[in-house]
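# Chain and residue survey
Chain by chain, the residues:
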Amino acid sequence: MLSTYDLPRIRDNARDEVIWRNASWTSYWEKNVWILPIHRPSNAGHWVICIIYLRTKELHLFDSLADQESWESDVKVCSFFMY
């Protein structure tokens, strides 16, 4: 499972050492399937989950509220990890 804890750092071009220090313990790069929880800041504090299949480069995004307006930004976040 990945964490979105470092996504703000990635977006703000943090140094690789900072990101590596926080992510290295997970060894996520050795896994074929990644589970990525994504927090959508809002009054309700809504979460969605993205399942990333690296071999086939597929993203499966699950949103219990099915908010069609914001899924494109979630896909951009998930795609970042695939390439």
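The structure under discussion appears in the preceding block.
Residues numbered from 1 in each chain as written. Predicted model: local features only at pLDDT ≥ 70, side-chain atom pairs only at ≥ 80, totals over all residues. Heavy atoms only, no water.

## Regarding the overall build of the protein chain
Within the protein chain, the regular secondary structure consists of three helices and three strands. Moving toward the C terminus, one meets the helices and strands of the protein chain in the order α-α-β-β-β-α. Sequence-distant contacts in the protein chain: of pairs separated by 6 or more residues, those separated by 24 or more amount to 35%. Accessible area for the protein chain stands at about 6200 Å²; split by element, carbon and sulfur atoms hold 55% of it. (Helix = DSSP H or I, 4+ residues; strand = E, 2+ residues; numbered from the N terminus. Contact = heavy atoms within 4.5 Å. Areas by Shrake-Rupley, 256 points an atom, 1.4 Å probe, with all protein chains shown as cover.)

## So, unusual backbone geometry
Unlike most non-glycine residues, Lys57 shows phi in positive territory, near 55°. Overall, the relative accessible area of 47% leaves Lys57 in the partly exposed class. (Buried < 20%, exposed > 50% of the residue type's maximum accessible area, 1.4 Å probe, protein only.)

## What to know about the side chain of Asp63
As for its position among the elements, Asp63 is in the loop between strand 3 (58-62) and helix 3 (71-82). In contact with Asp63, other than residues within four places in its own chain, are Arg40, His46 and Val48.

## Describing the sheet that holds strand 3
Here three strands make up an open sheet; going across it, the order is 1-2-3 and the pairing antiparallel. Of all the strands in the sheet, just strand 1 (33-40) and strand 3 have a single pairing partner and so form its edges. For this sheet the average axis-to-axis angle between neighbouring strands, irrespective of direction, equals 20°. Alignment of strand 2 (residues 46-53) against strand 3, held across five bridges, turns out to be antiparallel. Each residue of the ladder has a partner; that of Ile52, found in strand 3, is Leu59. (Pairing = 2+ DSSP bridges. Axes fitted to C-alpha atoms, helices over the stretch in contact; angles between N-to-C directions.)

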